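Coordinates in review
Chain by chain, the residues run as shown.
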Amino acid sequence: MTSFASKTFCRVEKLCHHLPVVLNTFLVFSITGEVSYLVMVEAPLEKKTIWSSRWKTAHLISQYFMLINICWNAMLFIKTSPSIRGVFLGGEGMGQGWRYCYTCETHTPPRCSHCYDCKVCVLRRDHHCVFFGQCVGFRNYRYFLSCLLFMWSGLLYATLMNAEVFLVILKEGVTVHSVLLLLIPWIMLISGQVSPRAFAFAFIADTCVVGFLLVSAFFFFHLVLMFRGQTTREWYSSRRPYSLGIMGNLYHTLGLRWYVCWLCPLIPSPLPGDGISFQVTGSLEPAR
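Each value, and the rule that gives it
- Residues numbered from 1 in each chain as written.
- Predicted model: local features only at pLDDT ≥ 70, side-chain atom pairs only at ≥ 80, totals over all residues.
- Heavy atoms only, no water.
- Helix = DSSP H or I, 4+ residues; strand = E, 2+ residues; numbered from the N terminus.
- Buried < 20%, exposed > 50% of the residue type's maximum accessible area, 1.4 Å probe, protein only.
- Contact = heavy atoms within 4.5 Å.
- Areas by Shrake-Rupley, 256 points an atom, 1.4 Å probe, with all protein chains shown as cover.
- UniProt positions renumbered as here; feature names shortened; annotations may be inferred.
- Expected span 1.5 Å × (residues − 1).
- Arc of directions from axis to C-beta.
- Phe/Tyr/Trp six-rings, centres within 6.5 Å; stacked < 30°, edge-to-face > 60°.
- Lys NZ or Arg CZ within 6 Å of the ring centre and 35° of its normal.
- Axes fitted to C-alpha atoms, helices over the stretch in contact; angles between N-to-C directions.
- Nonpolar A, V, L, I, M, F, W, Y, C, P; charged D, E, K, R; others polar.
- Core = buried A, V, L, I, M, F, W, Y, C linked by side-chain atoms within 4.5 Å.
- pLDDT = per-residue confidence, 0-100.
- Salt bridge = Lys/Arg side-chain N within 4 Å of Asp/Glu carboxyl O.

Let us now look at the overall build of the protein. When helices and strands are tallied, the protein shows 10 helices and 6 strands. Taking all 288 residues of the protein together, 41% fall into the buried category. Partitioning the contacts of the protein with sequence separation of at least 6, the portion at a separation of at least 24 is 57%. If you sum the accessible surface of the protein, you get close to 16,900 Å²; carbon and sulfur atoms cover 68% of it.

Structure follows, in structure tokens:
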């Protein structure tokens, strides 16, 4: 009985671990499909002179460029381990502020901490991202920030495209029916007050607005952290001992080719040799 309960708990834990990723994937592809439908089907009905084939092509290329980069950066973020395994050696490489992690049984640098969700010590740990089920650290921060950039731009684009949906819902004024459709579309669908088609448009339009506000907060917060040379855990500190200056922090996060690395996650952007180990370990000695 105990073995069965343990196996069931492990399966539920794995399901809960992957559930946010599955939900995010579903929402991203749902929003992309709805915006594609607006571009290809709905828009030409009232704007024949504006929505030419060239405009359609440009819109589709833009949105699928953002979709590919979101998925690609998210995949690389998940597949890139942020742990310190295989990175640091003991002995003379250790400096002031190093600690010993009894869980991982290894020495860790000052900006490293143990994550009990990932069950490993993370190099320059920022936070554990519940949406991806993995920690944000030194190795995968570039992919995390690039993913946020394209999620922000994609949701901004989707929100603007869904402006007409809000206008259609509110065309007869701000009524109880229209407000409830925007606030609680699920209840309106279950109660039979709206059609599945109206529910789908209202739900995705709401998701775009709420998602845009949330992602905007995360994205600009992490931009500030990047330029300050801080992590989320160091945000409340007035001291910035690991800051290398605005451009130095930018190079350290996105690499020397920061101006093109966002175009494609596979574009190589080598990190500068100086300052890497300083921001990671607190020492100006070469990283081992």
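Back to the write-up after that little detour.
Let us now look at the UniProt feature "transmembrane region" (unreviewed entry) in the protein. Mapped onto this structure's residue numbering, the UniProt feature "transmembrane region" (unreviewed entry) falls at residues 21-40, 60-78, 141-160, 166-187 and 199-221. Along residues 199-221 one finds 100% helix and 0% strand; the C-alpha atoms at either end are 33 Å apart.

We now examine helix H7 (residues 196-228). When the terminal C-alpha atoms of H7 are compared, their 47 Å separation across 33 residues agrees well with the 48 Å that a helix rising 1.5 Å per residue should span. Once H7 ends, the next one or two residues include Gly-229, with phi positive near 70 degrees.

Residue pairs spaced three or four apart in an α-helix point in one direction, given the helix's 3.6 residues per turn. Of all the residues in helix H5 (residues 176-183), the buried ones are Ser-178, Leu-181 and Leu-182. The arc enclosing the buried residues of H5, seen along the axis, measures out at 95 degrees, which places them on a common side. Away from its buried face, by an angle of more than 90 degrees, H5 presents the exposed residues Val-176 and Leu-183.

Within this structure, the stated rule accounts for 17 aromatic pairs. Consider the rings of Trp-152 and Phe-220, whose centres lie 5.6 Å apart with planes at 85 degrees: the pair is edge-to-face. Note that Trp-152 is positioned in helix H3 (residues 141-161) and Phe-220 in helix H7, a separation of 68 residues in sequence. The class of Phe-220 is partly exposed, set by a relative accessible area of 41%. One aromatic cluster is present, formed by Phe-77, Phe-132, Tyr-141 and Phe-144 through successive ring pairs. Taking the ring centre of Tyr-141 as reference, the NZ or CZ of Arg-124 above it sits at 5.0 Å.

Moving on, we get to the packing of H5 against H7. Between H5 and H7, the least distance of the axes is 8 Å, while the angle of their chain directions is 60 degrees. Where H5 abuts H7, its residues Leu-181, Leu-182 and Leu-183 lie against Ala-198, Ala-202 and Asp-206. Class assignment for the residues of the contact of H5 with H7 results in 5 nonpolar, no polar and 1 charged.

Looking at the element boundaries, Ile-70 is found in helix H2 (residues 53-79). Taking C-alpha positions, Ile-70 is 9.9 Å from Thr-25, a pair spaced 45 residues apart along the chain. Those residues in contact with Ile-70, other than ones at most four positions away along the chain, are Cys-147, Phe-150 and Met-151.

Judged by nonpolar contacts, the single largest core of 33 residues is most densely connected at Ile-31, Val-35 and Phe-144. Within the residue set of this core, elements represented by two or more residues are helix H1 (2-46), H2, H3, H7 and helix H8 (246-254). Ranked by residues supplied to this core, first place goes to H3 with 11 residues. Not counting residues up to four positions away in its chain, the partners in contact with Val-35 are Gln-63, Tyr-157, Ala-158, Met-161 and Asn-162. Within the second largest apolar cluster, 12 residues are counted, among which are Val-165, Leu-182, Phe-199 and Phe-201.

Our next topic: the confidence of the model for the protein. Within the protein, residue pLDDT values average 82, and 82% of them lie at 70 or more. In the model of the protein, helix H10 (residues 276-281) stands out as the element of lowest mean pLDDT, 54, in contrast to H3, which has the highest, 95. Below pLDDT 50 for its whole length, residues 283-288 participates in 11 contacts with residues either more than four positions away or in separate chains.

For the rest of this paragraph, the subject is unusual backbone geometry. You will see that Lys-119, though not glycine, has its phi angle at about 60 degrees, which is positive. Here Lys-119 is to be found in the loop between strand E3 (113-115) and strand E4 (120-122). A positive phi angle, near 45 degrees, is found at Arg-124, a position not held by glycine. Inspection of the secondary structure assignment puts Arg-124 in the loop between E4 and strand E5 (127-129).

Turning to the pattern of salt bridges, a few remarks are in order. Applying the stated criterion across every chain yields a total of 1 salt bridge. A salt bridge links Glu-234 to Arg-111; its shortest N-O distance comes to 2.7 Å. Here Glu-234 is found in the loop between H7 and H8, whereas its partner Arg-111 is found in the loop between strand E2 (106-108) and E3, with 123 residues between them in sequence. Taking relative accessible area as the criterion, Arg-111 reaches 5% and is therefore assigned buried.

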